[in-house]
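Here is what each chain is made of, one letter per residue.
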Amino acid sequence: MPGSDASDALVVLDATIHVTPSQTVRGDLWAEDGRITHVGPRGTESPPSEARVIQAAGAFVVPLLVDSAVHARPEGRRGVYDLTPGNPATFAVTRERVSESRIGQLLVIRPPDLLAVVVSGHLEAWRGEPTRPAGTAVPGDELQRWHGVWVDESRALEQHLLPDGRYTETRNGRADAYTGRFWVHDDRITYLDDTGFWAFGELLDGVLHHAGFVMRKRPIAG
């Protein structure tokens, strides 16, 4: 397994790349310093030297988007996580074909299908397994801002993000409806549920977006 430290360069070879949820291209994806530098056929260029390589063999590279977060941005910023050069290298590589609607609304991936999860160039998961223990930080991240209870009142959801890297959800008053581990890096959260699926979310302007839920952190009672 590749190491869990961030790599200066990353190459995904021979993939079907969802540049946007609806637009695909066959080829390679390259990234350096957390940003995408190339998408598509290789042409005459050479990939970054000493890059970590993911052999996709036709697997699918999908952007980690959440529709509610996309629409919360100004119109000119809604493509900030499309898989285009200059954008953050934030995506999943999965053997399973994923529909356009699933990418934005409810992207879940079974561990046997997952080749990699990459957030800002950092490898968060590899071949269905996390690359670091839950509850540990990537240098520069502030875990404390994530810890607490996140609530979507309209959907009767409470998501408890605990300091040990575990989460538990209360849905419609039913405690522990979903439980598992989570990892955070930059503005992204990656979940591995105990029932056996990976899922994803985004923190934007203090609001946590995940799978149709729009959650705000419950203030700590003083």
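Residues numbered from 1 in each chain as written. Predicted model: local features only at pLDDT ≥ 70, side-chain atom pairs only at ≥ 80, totals over all residues. Heavy atoms only, no water.

Caption draft 1: Quick peek at the overall build of the chain. Each helix and strand counted, the chain has 2 helices and 17 strands in total. Scaling as 2.2 N^0.38, a compact globule of 222 residues should have a C-alpha radius of gyration of about 17 Å, and the chain matches this with 17 Å. Here the chain, with 222 residues, has 54% of them falling under the buried criterion. Contacts in the chain between residues at least 24 apart in sequence constitute 56% of all its contacts with a sequence separation of at least 6. Counting only carbon and sulfur atoms, one obtains 48% of the accessible surface of the chain, whose full area is about 10400 Å². Charged side chains in the chain number 23 positive and 30 negative. The centres of these two groups are separated by 4 Å. (Helix = DSSP H or I, 4+ residues; strand = E, 2+ residues; numbered from the N terminus. Rg over C-alpha atoms; globule rule 2.2 N^0.38 Å. Buried < 20%, exposed > 50% of the residue type's maximum accessible area, 1.4 Å probe, protein only. Contact = heavy atoms within 4.5 Å. Areas by Shrake-Rupley, 256 points an atom, 1.4 Å probe, with all protein chains shown as cover. Lys, Arg positive; Asp, Glu negative; His and termini not counted. Charge placed at Lys NZ, Arg CZ, Asp CG, Glu CD.)

Caption draft 2: The arrangement of the nonpolar core in detail. Ranked by size, the top nonpolar core spans 22 residues in total, and within it Val12, Ile17, Leu29, Val61, Leu83, Phe91 and Val93 carry the most contacts. Contributing elements (two or more residues each) for this core: β1 (9-18), β2 (24-32), β3 (35-40), β6 (91-94), β7 (114-119) and β8 (122-126). Apart from residues no more than four positions distant in its own chain, Val61 is found in contact with Val12, Ala15, Thr16, Ile17, His18, Leu29, Leu83, Phe91, Ala92 and Val93. Residues Leu65, Tyr81, Trp183 and Phe200 belong to the second largest nonpolar core, which totals 19 residues. (Core = buried A, V, L, I, M, F, W, Y, C linked by side-chain atoms within 4.5 Å.)

Caption draft 3: Structural context of the packing of aromatic side chains. Tallying each qualifying case throughout the model produces 3 aromatic pairs. Where Tyr167 meets Tyr191, the ring centres are 5.3 Å apart and the plane angle is 80°; that geometry is what we call edge-to-face. Residue Tyr167 is located in strand β12 (residues 166-171), and its partner Tyr191 is located in strand β14 (residues 188-193); the two are separated by 24 residues in the primary sequence. The same class applies to Tyr167 as to Tyr191, namely buried. Taking the ring centre of Phe213 as reference, the NZ or CZ of Arg155 above it sits at 4.3 Å. Positioned over the ring face of Tyr81 is Arg188, at 4.1 Å from the centre of the ring. (Phe/Tyr/Trp six-rings, centres within 6.5 Å; stacked < 30°, edge-to-face > 60°. Lys NZ or Arg CZ within 6 Å of the ring centre and 35° of its normal.)

All we've got here are geometric facts, nothing functional implied.
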